[in-house]
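Given next are the chains, with one letter for each unit.
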Amino acid sequence: MVNLSVQIGALTLKNPVIAASGTFGFGREMQQWNELSELGAICSKGLTLNPRLGNDPPRVAETTGGLLNSVGLQNPGLEAFIATELPFMKSLGTTIIANIAGHSLAENVAMAEQLDATDVDGIELNLSCPNVSQGCMAFGSSAPMIEEVVSAVRAKTQKPLWVKLTPNVTSIAEMALAAEAAGADAVSLINTLLGLAIDRKSRRPVLRNNTGGLSGPAIKPVALRMVWDVYRAIRIPIIGMGGIMNGEDGIEFMLAGATAIQVGTANLISPTACHDVITNMSAIAQTENMAQISQYTGLLQPW
Ligand SMILES: Cc1cc2nc3c(=O)[nH]c(=O)nc-3n(C[C@H](O)[C@H](O)[C@H](O)COP(=O)(O)O)c2cc1C
């Protein structure tokens with residue numbers, strides 16, 4: 001039997017497969033197809049202080065090998081999450097991570113402070129969001145802005161803090177270094193890549209928001225390259241994602257340097273995707289005589 005557990009700072013996950021934020025809700029709908037206690041962890045839908053209805057439809061569009069979305073952070077708000085969704089999620093028997101996506105430094109700090117007083121297992125700080133006080137530039141697009149927001153959040157919580165990076169930057173390693181310097185326990189990457197889908201006949205963008213975030217198999221090579229870049233730059237663990245559809249993909253992310261992985265878009269194609277990835281990764285490790293799945297991390301041998 002392969003030991004599937006992995007260590008991310010102080011958190012031990014029973015296996016390296018985590019349901020990615022925004023593709024698993026709060027787990028309620030997914031429990032009819034899955035034994036959710038078998039997952040390594042679940043990341044909640046991105047949370048804001050106040051409830052949000054999200055963007056007008058159409059909010060998703062299929063593209064070649066990928067999915068373009070602009071859901072716009074539809075969520076019930078932090079108070080309702082803490083009162084209703086978190087107790088449900090904590091009853092599932094797996095590690096529960098709250099993904100937060102404030103639109104200002106103060107909003108992120110306030111959410112971290114409130115979550116610190118709950119029994120949530122960790123916080124994933126999504127830095128793809130626009131910082132309204134900085135001309136709506138994404139928090140994650142500048143190293144000084146990352147240092148500022150991560151330090152401020154770090155000061156307010158003892159919980160494990162994962163910083164989720166946007167790939168829409170020139171140097172992802174520089175951004176990861178900033179998160180590490182500011183006290184992150186791990187970095188998660190990648191979030192979606194900015195894209196545009198066009199309806200040629202109407203000559204309009206397909207999405208009502210015009211642009212959206214690209215995910216799915218189309219982004220996997222970009223994500224792998226970024227995980228590898230970051231692995232060679234920082235010392236804290238990496239949670240890798242971007243187009244993981246099966247166990248082979250999951251092992252590839254670990255070879256590139258990920259300690260754990262997240263499965264996102266694949267959940268929208270098959271609701272048992274996370275479970276299937278765990279089974280598949282375990283089978284590969286068994287065939288390759290790996291006693292522990294964690295041994296794969298960083299084994300990539302560059303030419
Ligand atoms: C419909 C949809 C909604 C998403 N919502 C969030 C979100 O609320 N917060 C977040 O950090 N990432 C969000 N993401 C990004 C995913 O968590 C993940 O980083 C990205 O999709 C890449 O992984 P994948 O190719 O396996 O989907 C969303 C992705 C999709 C497809």
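Our subject in this report is the structure included herewith.

## Considering the pattern of salt bridges
Logical step 1: One pass over the structure, following the stated rule, counts seven salt bridges.
Logical step 2: Residue arginine 28 pairs with glutamate 85 through a salt bridge whose shortest N-O separation is 2.9 Å. Within this pair, whereas arginine 28 is found in the loop between strand 3 (17-19) and strand 4 (41-43), its partner glutamate 85 is found in helix 1 (residues 78-90), the two being separated by 57 residues in sequence.
Logical step 3: A residue is classified by how much of its surface remains accessible, and arginine 28, at 33% relative accessible area, is partly exposed.
Logical step 4: Looking at glutamate 85, the relative accessible area reads 13%, which means it is buried.
Logical step 5: Two residues, arginine 225 and aspartate 229, come together in a salt bridge whose shortest N-O distance is 2.9 Å. With arginine 225 and aspartate 229 both in helix 5 (residues 220-231) and four residues apart, the pair spans about one turn of that helix.
Logical step 6: On the basis of relative accessible area, arginine 225 is assigned to the partly exposed category, the value being 40%.
Logical step 7: Overlapping salt bridges, with partners in common, bring together Lys220, Asp249 and Glu252 in one network.

Rules used in this analysis
- Residues numbered from 1 in each chain as written.
- Predicted model: local features only at pLDDT ≥ 70, side-chain atom pairs only at ≥ 80, totals over all residues.
- Heavy atoms only, no water.
- Salt bridge = Lys/Arg side-chain N within 4 Å of Asp/Glu carboxyl O.
- Helix = DSSP H or I, 4+ residues; strand = E, 2+ residues; numbered from the N terminus.
- Buried < 20%, exposed > 50% of the residue type's maximum accessible area, 1.4 Å probe, protein only.

Functional significance is not addressed by these values, which are geometric in nature.
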